Amino acid sequence: MEQDEQGLKRDLFGKNFYWGITTAAFQVEGSCDTDGKGASIWDEFTKKKGAIKDAQHANTACDFYNTYEKDIELIKQLGIPNFRFSISWTRIMPSGTGAVNQQGIDFYNRVIDLCLQNNIEPWVTLYHWDLPHELELKGGWTNRTIVSWFSDYTKVCAQHFGDRVKNWIVMNEPMVFTGAGYFLGIHAPGRKGLKNFLPAIHHAVLCMAEGGRVLRRMVPLAQIGTTFSCAHVEPFSNKPRDVAAAARADALFNRLFIEPVLGLGYPSKTVSILKKISKYQRPGDEGKMRFDFDFIGLQNYTREVVKYSLFTPYLHARLIKAEDRNVPITTMRWEVYPPAIYHILKKFNAYPEIRNIYITENGAAFPDAISENGEIHDKERLEYLQETVGHVLKAKNEGVNVNGYFIWTLTDNFEWAEGYHPRFGIIHVDFETQKRTIKASGKWYSNFLNHR
Ligand code: GAL
């Protein structure tokens, strides 16, 4: 057995370690306007010419809205004890505020109840990037009123699901949805520039903390967390200006959102442009930005190598593409580098304010070939996952307070601007027929979790 060769055993992580799998509403559900669902910024963005590779959209995606019973059955079959999924804000509140759509509530009740009946613990993410389009028309993340919109949405979720859901994640990767969506314009809603990015950052931080407070009040026994994208950053050389450039990139990728939440403020000493966030700050915000999360979810996929660059505005740092470094890459063109997770665990563990760390996403996209007998031997993904889990164990054995690991993702799905081309699933999806096939990586995870 491969896990024996690796010396990797579930027991080595202890009894209280959470093992799971993650999905996100927009990437899997489909049924984009069914049963009263309102449009999100991603429903609108996918209609824009040139926004998504091959003009693909997520109107059907994995059809999870209709196939959730089969997919939860697969999770059960694989013996995965924790299922992290997100709630679509516009299924619950079609306009973002005001009226609640009972059919949306009913859907998530069915999903939650089915998980619990099957001994699968639900982990709910409140915001995985699908902002109501109507709120975007009012400024979206650039409008400070979003704090009260988000607070109301959180209350509705807590009120309807808090009796059964004990694990909550307020936000998924604020750096990605603000950076790609409000600075680079490559994700929904496609806005660009600092005038959008800086207010979006500040309001996302306020919402994270506000969401945490609402949940604490309304679901007192809940375990409350939030997740951050993080990359292990290395300088291209030991030259002081490359080292300084890497420190700036690190501040932007890894420190920008966690530090204000921990009460450490924005890392504007390292990235001076961030001082301009003060324009959007109001007296008393320092306190409102903080929340004592029960856990921090880290999500890592690769490492970045950074070089000084005069021509990159604000940051003066440039990422050296993995393709130009002659290293193995995934379909996303990200470097295959399992030790990255060890480094980021060490890095975040050094914040004394963090109480508990879970890896809430990790995975890799590779092309999958279906063999004649219908099997999928996704050797590269399997090895990547095994090696990464090994690095999590190494960090844990060295005293890092890491107590959970969730794979991204259950089924191949809609990978945002990249469409359906990158396949991240441990279960293959034929998007023509919606047929699911468990890949070798899925079988490995199942074996690892269940054959102790
Ligand atoms: C994360 C994101 C997921 C998924 C994954 C793979 O940034 O939370 O939704 O797309 O990356 O790219």
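All values reported here derive from a predicted model rather than from experimental measurement.

In contact at an axis separation of 8 Å, helix α14 (residues 340-349) and helix α15 (residues 379-397) are set at 30° when each is read in the N-to-C sense. Between α14 and α15, the angle is such that the two are roughly parallel. α15 is crossed by α14, and the crossing has right-handed handedness. Here Ile341, Tyr342 and Leu345 of α14 lie close against α15, whose contacting residues are Thr388, His391, Val392, Lys394 and Ala395. For the contact of α14 with α15, a count of residues per class yields five nonpolar, two polar and one charged.

By the secondary structure assignment, serine 148 is in helix α8 (residues 146-161). Residue classification places serine 148 among the partly exposed residues on the basis of a relative accessible area of 37%. Along the sequence, serine 148 and glutamate 210 sit 62 residues apart, while their C-alpha atoms lie 8.8 Å from each other.

This part takes up the site of the ligand. Taken together, 13 residues are adjacent to the ligand, and Gln27, His128, Asn172, Glu173 and Glu415 come closest. At a separation of 2.7 Å, an oxygen atom of the ligand approaches a polar side-chain atom of glutamate 415. In the model, an oxygen atom of the ligand is placed 2.9 Å from a nitrogen or oxygen of the tryptophan 416 side chain. For the ligand, whose free accessible area comes to 300 Å², the fraction covered by protein is 95%. Residues that form the shell around the ligand fall into these classes: six nonpolar, four polar and three charged.

Before going further, it helps to examine the sheet that holds strand β6 (residues 232-235). Within the open sheet, the three strands sit side by side as β6-β8-β9. Their pairing is mixed. Looking at the sheet topology across the chains shown, the edges are occupied by β6 and β9 (317-319). Averaged over all neighbouring strand pairs, the angle between strand axes comes to 35°, with direction disregarded. One ladder, built from three bridges, connects strand β8 (residues 303-308) with β9; its direction is antiparallel. Bridge pairing links tyrosine 308 to alanine 317 in β9. Contacts between helix α11 (residues 240-255) and the sheet are confined to β6, β8 and β9, with β8 contributing the most and set at about 130° to the helix.

What counts and what doesn't
- Residues numbered from 1 in each chain as written.
- Predicted model: local features only at pLDDT ≥ 70, side-chain atom pairs only at ≥ 80, totals over all residues.
- Heavy atoms only, no water.
- Axes fitted to C-alpha atoms, helices over the stretch in contact; angles between N-to-C directions.
- Helix = DSSP H or I, 4+ residues; strand = E, 2+ residues; numbered from the N terminus.
- Parallel < 35°, antiparallel > 145°, perpendicular 65-115°, else oblique.
- Left-handed = near helix turned anticlockwise from the far one by under 90°.
- Contact = heavy atoms within 4.5 Å.
- Nonpolar A, V, L, I, M, F, W, Y, C, P; charged D, E, K, R; others polar.
- Buried < 20%, exposed > 50% of the residue type's maximum accessible area, 1.4 Å probe, protein only.
- Near = heavy atom within 4 Å.
- Polar contact = N/O pair within 3.5 Å; in protein donor to acceptor, adjacent residues only side chain to side chain.
- Areas by Shrake-Rupley, 256 points an atom, 1.4 Å probe, with all protein chains shown as cover.
- Pairing = 2+ DSSP bridges.

Limitation: the analysis is restricted to geometry and does not speak to function.
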